[in-house]
Amino acid sequence: MTQDFLSIAELTRDDVEKLLSLTERLREDKTAKPLAGKTVAMIFQKPSLRTRVSFEVGVVQLGGHPIVLSNEGIGIGTRESAQDIGNILSRFNDAIVARLFDHQILLDLAHYASIPVINALTDLSHPCQIMSDLYTLQQHGRLQENISITYIGDGNNIVNSWLELAGILPLRLTLSVPHGYEPDKQIFDEAVKKGISSIQIVRDPKEAIKTADVIYTDTWTSMGQEQERNKRLFDFWTYQINASLMKYAKSDAIVMHCLPAHRGEEITNEILDGKISVVIDQAENRLHMQKAILASLLRTT
Ligand code: CP
Ligand code: NVA
């Protein structure tokens, strides 16, 4: 494993496979305490339910002590620089978990910290989510080579992390995003250049959904984009996952969503709460995968 967990792009296929198997082991064995005597500082500049609770519970289950720091408390970029936060937290703690707006602040934090830094979501990527989702696919017996994953909606941080994974594992990744809402160009080009996966943009969701084993969506308005909400509702309206779109999908396809969902926008209740949805397993698996990430980075297993 790398020193930090900043993006999936930095992992090797071997790292990904080891994380999946450690996740399975830690899910079954709740007695392991590899973080005994260790503390983890957790910075949240944006809201969170799943990430905050799963990391906090995960650190405690592994025998460690989490310290949650809000932006109001530490003032990232106002009261304190990333340099000082990285240096100071490294003198007290064994790892830093950070949810931030600007990805560059995460990189700066990791540069100055002498302890592992974990990306708990930035505007650019959400690697903990996609690694947990990969485990969910394995748990549901869906993780075969060239699995067809169709993402419908906004080309956001979730898509960027899927693209980074597609640069490591062979997937058939279809992105159905409106014009102007494509994922990060550099990450997209890099994933295509690696030649590991087949990656395509198919604008029409009815066409994109046809071959999907997995249908994935996320909010049209990510945290920090609230002022754009009305425009986005208009631009994305035909990208909703609903019963009429699902008529074009394969009968054994499953539906994924990282949550929080804007019910009735990117997805209807009927689909989100339906039999083919695995969203609650996705949420639970954040806990197991993040325990594996912490244990691997702290080299305690
Ligand atoms: N999926 C996810 O990261 O959820 P939270 O924003 O609640 O942490
Ligand atoms: N794209 C969403 C993901 C939330 C987990 C956001 O950044 O708000």
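Described in the following lines is the structure provided in the data block. As the structure is a computational prediction, the values presented were derived from the model and not from experiment. (Residues numbered from 1 in each chain as written. Chains lettered and ligands numbered in written order. Predicted model: local features only at pLDDT ≥ 70, side-chain atom pairs only at ≥ 80, totals over all residues. Heavy atoms only, no water.)

### Notes on the sheet that holds strand β9 (residues 254-257)
Then, in step 1: Spatial strand order, β7-β6-β5-β8-β9: 5 strands in an open sheet with parallel pairing. Edge positions in the open sheet fall to β7 (198-201) and β9, since each of these has one partner strand only. Across this sheet, the average inter-strand angle for adjacent strands is 20°, counted without regard to direction.
Then, in step 2: Where strand β8 (residues 214-217) and β9 come together, 4 bridges link them in parallel fashion. Opposite Val214, over in β9, you have Ile254 as the bridge partner.
Then, in step 3: Packing of helix α7 (residues 157-166) onto the sheet brings it into contact with β5 (147-152), β6 (171-176), β7 and β8, and relative to β6 it is tilted by some 155°.
Then, in step 4: In the packing of helix α13 (residues 279-297) onto the sheet, the strands contacted are β8 and β9, and the crossing angle to β9 comes to about 50°. (Pairing = 2+ DSSP bridges. Helix = DSSP H or I, 4+ residues; strand = E, 2+ residues; numbered from the N terminus. Axes fitted to C-alpha atoms, helices over the stretch in contact; angles between N-to-C directions. Contact = heavy atoms within 4.5 Å.)

### So, the site of ligand 1
Then, in step 1: The environment of ligand 1 is formed by Ser48, Leu49, Arg50, Thr51, Arg99, His126, Gln129, Cys258, Leu259 and Arg286.
Then, in step 2: Between ligand 1 and His126, the relevant distance is 2.9 Å, taken from an oxygen atom to a side-chain nitrogen or oxygen of the residue.
Then, in step 3: Leu259 places a main-chain nitrogen or oxygen 2.8 Å from a nitrogen atom of ligand 1.
Then, in step 4: Contact with the protein chains removes 96% of the 250 Å² of surface that ligand 1 exposes when unbound.
Then, in step 5: Of the residues contributing to the shell around ligand 1, the split by class is 3 nonpolar, 4 polar and 3 charged. (Near = heavy atom within 4 Å. Polar contact = N/O pair within 3.5 Å; in protein donor to acceptor, adjacent residues only side chain to side chain. Areas by Shrake-Rupley, 256 points an atom, 1.4 Å probe, with all protein chains shown as cover. Nonpolar A, V, L, I, M, F, W, Y, C, P; charged D, E, K, R; others polar.)

### As for the pairing of strand β2 (residues 65-70)
Then, in step 1: Looking at chain direction, strand β1 (residues 39-44) and β2 are connected through 6 bridges and run parallel. Residue pairing in the sheet places Met42 in a bridge with Val68 of β2.
Then, in step 2: In this view, the connection linking β1 to its parallel neighbour β2 by way of helix α2 (residues 50-61) has right-handed handedness. (Right-handed = clockwise from strand over helix to strand, strands pointing away.)

### Comments concerning the site of ligand 2
Then, in step 1: Every residue close to ligand 2 is listed here: Leu121, His126, Asn156, Asn157, Asp218, Thr219, Ser222, Met223 and Leu259.
Then, in step 2: One of the side-chain nitrogen or oxygen atoms of Asn156 is found 3.3 Å away from a nitrogen atom of ligand 2.
Then, in step 3: In the model, an oxygen atom of ligand 2 is placed 2.8 Å from a nitrogen or oxygen of the Asn157 side chain.
Then, in step 4: For the shell around ligand 2, the per-class residue count stands at 3 nonpolar, 5 polar and 1 charged.

### Quick notes on the state of the cysteines
Then, in step 1: Summed over the entire model, instances satisfying the criterion amount to 0 disulfides.
Then, in step 2: In this structure Cys128 is not part of a disulfide, and its nearest cysteine sulfur, from Cys258, lies 13 Å away. (Disulfide = S-S within 2.5 Å.)

### Here's the deal with the pattern of salt bridges
Then, in step 1: Enumeration over the complete set of coordinates arrives at 17 salt bridges.
Then, in step 2: In this structure, the salt-bridge partner of Arg203 is Glu182, at a minimum N-O distance of 2.9 Å. One end of the pair, Arg203, is in the loop between β7 and α9 (205-208); the other, Glu182, is in the loop between β6 and α8 (185-194), and 21 residues separate them in sequence.
Then, in step 3: For Lys185, the salt bridge is made with Asp189, and the minimal N-O distance between the two is 2.6 Å. With Lys185 and Asp189 both in helix α8 and 4 residues apart, this pair spans about one turn of that helix.
Then, in step 4: Assessed through its relative accessible area of 34%, Asp189 is described here as partly exposed. (Salt bridge = Lys/Arg side-chain N within 4 Å of Asp/Glu carboxyl O. Buried < 20%, exposed > 50% of the residue type's maximum accessible area, 1.4 Å probe, protein only.)

### Let's talk about the side chain of Gln240
Then, in step 1: With respect to the secondary-structure elements, Gln240 resides in the loop between α10 (229-236) and α11 (243-246).
Then, in step 2: A polar atom in the side chain of Gln240 sits 2.9 Å from the side chain of Asn242.
Then, in step 3: A polar atom in the side chain of Gln240 sits 3.0 Å from the backbone oxygen of Gly264.
Then, in step 4: If we ignore the near neighbours within four places in the chain, the residues touching Gln240 are Trp220, Leu245, Gly264, Glu265, Glu266, Ile267 and Thr268.

### Regarding α13
Then, in step 1: Between the first and last C-alpha of α13 there are 27 Å, a value that for 19 residues agrees with the 27 Å anticipated at 1.5 Å per step.
Then, in step 2: Where burial is concerned, most of α13 is hidden: 15 out of the 19 residues are buried.
Then, in step 3: Directly after α13, the chain includes Arg299, whose backbone phi takes a positive value near 45°. (Expected span 1.5 Å × (residues − 1).)

### So, the environment of Pro178
Then, in step 1: Within the secondary structure, Pro178 sits in the loop between β6 and α8.
Then, in step 2: For Pro178, a relative accessible area of 7% corresponds to the buried category.
Then, in step 3: Residues Pro178 and Ile8, 170 residues apart in the sequence, show an inter-C-alpha distance of 25 Å.
Then, in step 4: Ignoring anything within four residues of it in the chain, the contact list for Pro178 reads Gly153, Arg203, Asp235, Phe236 and Tyr239.

### Focus on the packing of aromatic side chains
Then, in step 1: Taken as a whole, this structure holds 6 aromatic pairs when the rule is applied.
Then, in step 2: Measuring from centroid to centroid gives 5.7 Å for Trp162 and Tyr216, while their planes differ by 80°, and the two rings are edge-to-face. Placement of the pair is Trp162 in helix α7 and Tyr216 in strand β8, with a sequence separation of 54 residues. Neither residue differs from the other here; Trp162 and Tyr216 are each classed as buried.
Then, in step 3: When the centroid spacing of 4.5 Å and the interplanar angle of 50° are considered together, the rings of Tyr181 and Phe236 count as tilted. One end of the pair, Tyr181, is in the loop between β6 and α8; the other, Phe236, is in helix α10, with 55 residues separating them in the sequence.
Then, in step 4: By relative accessible area, which is 10% here, Tyr181 ends up buried.
Then, in step 5: One aromatic cluster in this structure is built from Tyr181, Trp220, Phe236, Trp237 and Tyr239. (Phe/Tyr/Trp six-rings, centres within 6.5 Å; stacked < 30°, edge-to-face > 60°.)

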